[in-house]
Amino acid sequence: MTPQAKLIFTASLLLGTTITISSNHWIMAWAGLKINTLAILPLISKSHHPRAIEAATKYFLTQAAASALVLFSSMTNAWHTGQWDITQLTHPTSCLILTSAIAMKLGLPPFHFWFPEVLQGAPLTTGLLLSTAMKFPPITLLFMTSPSLNPTLLTCMAILSTALGGWMGLNQTQVRKILAFSSISHLGWMTIIISYAPKLTLLNFYLYALMTTAVFLTLNSIKTLKLSTLMTTWTKTPALSAMLFLTLLSLAGLPPLTGFLPKWLIIQELTKQDMAATAIMISLLSLLSLFFYLRLAYCATITLPPHTTNHMKQWRTNNRTSTMIAILTVSSTMLLPISPMLPPIL
């Protein structure tokens, strides 16, 4: 793909995201979502591999269906209330249809089946966009409409999301699929709190995007797509593998790393809302995803291949993302001490 084409598609992604997150009218939000979908398709299928074309087709069909449901939901609401404003979604049928549409956009169970398949067929850099930037507009719509949506339905979907994200990622050997199920599991934590403390959902999303970007850029730097390849990285780039180890543990939500911060605040908020049983359930289900994070971390750092050749270790990787990886890894592991500063914001 030529640099000019990449520039056009990246600019279109930025444009689509900006239109959706800054709009008050449903039609504008829908237009932004469609621009986003059309801009990411060439980036998914740029390798021209059959698997990539299949991923792009699956992505297009699911996103087109979700966009149609967003339009249908907003039209139903406008038909009954005369309102096209995003925050004025009051009709129960519209709220239900919109919940389904956003779940389909995000890859939230029970509409999650497309996400691991698409991520597996896309390159790592596009996979990073699909896991972070492409989820920002639907999360924004969820944030804006959260007072109107059914909290019980969202809680059930969130628990299902954390459970399926953990269970389905257990026996995976492909790193991209593991990260897809990791994303589904994290979406559960974001969805469960959206009705009670929407700003916590955004905080969780920002920190998740930060940690996932660090993991994807590291994997792209060491050219790793499956666990068997990950096992050989320690002999080549020990410093980068150690960084990956810490970032994965942070993504798992272990204290005293950054990933523990949103989980801690969400559990605290759920307890305040008299939902202690729900908090216990989602915490226990997140142990499932902890298993595959530990597996990734184990493969990256503790496992050594049986027949290693003696060669010079690369203490410096020759790529442009090294500085970015360093900054993101430090942020992914050391932001927990800022937690006393957050309550006034939240």
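Residues numbered from 1 in each chain as written. Predicted model: local features only at pLDDT ≥ 70, side-chain atom pairs only at ≥ 80, totals over all residues. Heavy atoms only, no water.

Caption draft 1: Inspection of the overall build of the chain at higher detail. Each helix and strand counted, the chain has 16 helices and 0 strands in total. The globule rule puts the C-alpha radius of gyration for 346 residues at 20 Å, and the 20 Å found for the chain is close to it. Taking the principal axes of its C-alpha atoms as reference, the chain extends roughly 70 × 50 × 35 Å. Per-residue burial over the chain gives 54% buried out of 346 residues. Here the analysis covers contacts within the chain between residues at least 6 apart in sequence; of these, 78% occur between residues at least 24 apart. Of the roughly 15,300 Å² of accessible surface on the chain, 70% is carried by carbon and sulfur atoms. (Helix = DSSP H or I, 4+ residues; strand = E, 2+ residues; numbered from the N terminus. Rg over C-alpha atoms; globule rule 2.2 N^0.38 Å. Buried < 20%, exposed > 50% of the residue type's maximum accessible area, 1.4 Å probe, protein only. Contact = heavy atoms within 4.5 Å. Areas by Shrake-Rupley, 256 points an atom, 1.4 Å probe, with all protein chains shown as cover.)

Caption draft 2: Structural detail: helix α14 (residues 260-272). Taking 1.5 Å per residue, 13 residues should reach 18 Å; α14 reaches 18 Å between its end C-alpha atoms and fits that length. Listed in full, the buried residues belonging to α14 are Leu261, Pro262, Lys263, Leu265, Ile266, Glu269 and Leu270. Asp274 lies just past α14 and shows a positive phi near 60 degrees. (Expected span 1.5 Å × (residues − 1).)

Caption draft 3: Looking closely at the domain arrangement of the chain. We note that the domain assignment places domain 1 (1-123) and domain 2 (150-345) within the chain. On a C-alpha basis, the centroid separation for the pair domain 1 and domain 2 is 24 Å. The interface is formed by 17 residues belonging to domain 1 together with 19 residues belonging to domain 2. The contact between domain 1 and domain 2 buries some 1,500 Å² in all, and 76% of this surface belongs to carbon and sulfur atoms. It is Leu108, Pro109 and Gln120 in domain 1 that bury the most area against domain 2; as a group they hold 36% of the surface buried on that side. Where domain 1 touches domain 2, the interface holds 1 salt bridge. Where Glu117 meets Lys177, a salt bridge forms, and the shortest distance between an N and an O atom there is 3.5 Å. Joining domain 1 to domain 2, the criterion identifies 4 residue pairs in polar contact (both at pLDDT 80 or more). When residues in the side of domain 1 that touches domain 2 are grouped by element, the largest group, 5 residues, is from helix α5 (residues 114-121). (Domains from an automatic or database assignment. Buried area = accessible area lost by both parts, 1.4 Å probe. Salt bridge = Lys/Arg side-chain N within 4 Å of Asp/Glu carboxyl O. Polar contact = N/O pair within 3.5 Å; in protein donor to acceptor, adjacent residues only side chain to side chain.)

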